[in-house]
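Summary of the model geometry
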Amino acid sequence: MKMLIAGLVKNIQVERLREEGKKRGHEVDGCYDSSLVLKCSQDEFSPVMADGKDLSSYDLIYLMAGKRRWEWYTACYFLAKKYGTTIVNQKTISSDYNYFLTPAIDYLRQTEKGLDYPMSALVFSEKGAKEVINEFSYPVIVKTSAGRQGRGVHLCQNFDDVVRAIEETHASGVESVVIREFVPNDGDIRVFCVGYQAIGAMKRTPTREGEFRSNISQGGKGEKFDINNYPDIRGLAENAARVTRTEIAGVDIIINKETQKPYILEVNPSPQFEGLEKFTKVNAAEEIIKYFENVSQK
């Protein structure tokens, strides 16, 4: 089978997927999301690659595209419809998925299913923040709705901090901002789900004084978390992946250190697994390739 990882090229994840795919007889390529070309006319709609590769030659495309994800979603919708190309994550080409509402659509689905997550508000301006801020207690988390790896996340002690965080988010080119209640914690749990099933988890803890983010990319410490001993956390993570229809998901769970209650922080649709493999010895790349095989046979 021929597979394409859209959005990554020179990356340890692509190399690991290529390595595990080769063991099982597959060809795995990576490409920059900027390599997409859409040829459009009244006679033809054809998504191709800047290097001349034919996208229709791939049996499966795993979307990890970033800035150009909307164009990739359009291309993959066409490829799935015309050529039967398998797309992961499938939700991005579903007729009832509106990517412009993310993360609002995920919050809606989590609310409909009664899943626990911190009280949050999605706003677009200082005026919008002023409308809801009295429902929160300081400190609050203010983050860009398009952030990854802990970037664009602020711990705000007052409304002036909130305004500065919104201005910084807007300056980065993102309009929507999430205000979220702060949950006292000792780090968070990253649960890696493949096909809506948890395959492993690690606990992430900040190591720098004054740092509230526990992301590995922000210097956090990682260690194995035995998800099998915590069925409530496993169940919450798997349900979060399922209701948001995120086939390969890094579900971040935070545990209130005062009440021990777990909450969903985020469902990441393009999770990195280098840290998971390093700290837990779980072969995430192999599990992903096996999942690709399974969905391509349906």
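Quick look at the structure, then.

Rules of the game
Residues numbered from 1 in each chain as written. Predicted model: local features only at pLDDT ≥ 70, side-chain atom pairs only at ≥ 80, totals over all residues. Heavy atoms only, no water. Helix = DSSP H or I, 4+ residues; strand = E, 2+ residues; numbered from the N terminus. Expected span 1.5 Å × (residues − 1). Buried < 20%, exposed > 50% of the residue type's maximum accessible area, 1.4 Å probe, protein only. Contact = heavy atoms within 4.5 Å. Core = buried A, V, L, I, M, F, W, Y, C linked by side-chain atoms within 4.5 Å. Phe/Tyr/Trp six-rings, centres within 6.5 Å; stacked < 30°, edge-to-face > 60°. Lys NZ or Arg CZ within 6 Å of the ring centre and 35° of its normal. Pairing = 2+ DSSP bridges. Axes fitted to C-alpha atoms, helices over the stretch in contact; angles between N-to-C directions.

1. Some points on helix α6 (residues 231-243)
The α-helix winds at 3.6 residues per turn, so residues separated by three or four positions along the chain end up facing the same way. The terminal C-alpha atoms of α6 lie 18 Å apart, and with 13 residues this matches the ideal 18 Å at 1.5 Å per residue to within 8%. Within the span of α6, buried status applies to I233, L236, A237, E238, A240, A241 and V243. Looking at the buried side of α6, the elements it contacts are α3 (104-112), β11 (188-194), β12 (197-205), β14 (248-255) and β15 (262-268). Just downstream of α6, R245 is the residue with a positive phi angle, here 55 degrees.

2. A short note on the nonpolar core
I5, L17, Y62, F192, I288 and F292 are the most contacted members of the largest nonpolar core, which has 23 residues in total. Looking at this core, the elements with two or more residues in it are β1 (2-6), α1 (12-23), β5 (60-63), β11 and α8 (284-296). It is α8 that contributes the most residues to this core, seven residues altogether. Apart from the residues lying within four places of it in its own chain, the contact partners of L17 are I5, V28, F273, A285, I288 and I289. The next biggest cluster of nonpolar side chains, apart from the first, holds 22 residues, and it includes V191, A237, A241 and V251.

3. Observations regarding the packing of aromatic side chains
Considering all chains together, one arrives at six aromatic pairs under this definition. Their ring planes at 25 degrees and their centres at 4.6 Å tell us that F225 and Y230 sit as a pair that is stacked. Pairwise contacts between aromatic rings join F45, F78 and Y83 into one cluster. The ring centre of Y58 lies 4.7 Å from the NZ or CZ of K2, which sits over that ring.

4. Re the sheet that holds β14
A sheet is described by the order of its strands in space; here five strands give the open sequence β13-β12-β11-β14-β15, paired in antiparallel fashion. What marks the edges here is a single partner per strand, and that holds for β13 (221-224) and β15. The sheet shows a mean angle of 30 degrees between the axes of neighbouring strands, direction not considered. Sheet topology places β12 next to β13; four bridges connect them, and they run antiparallel.

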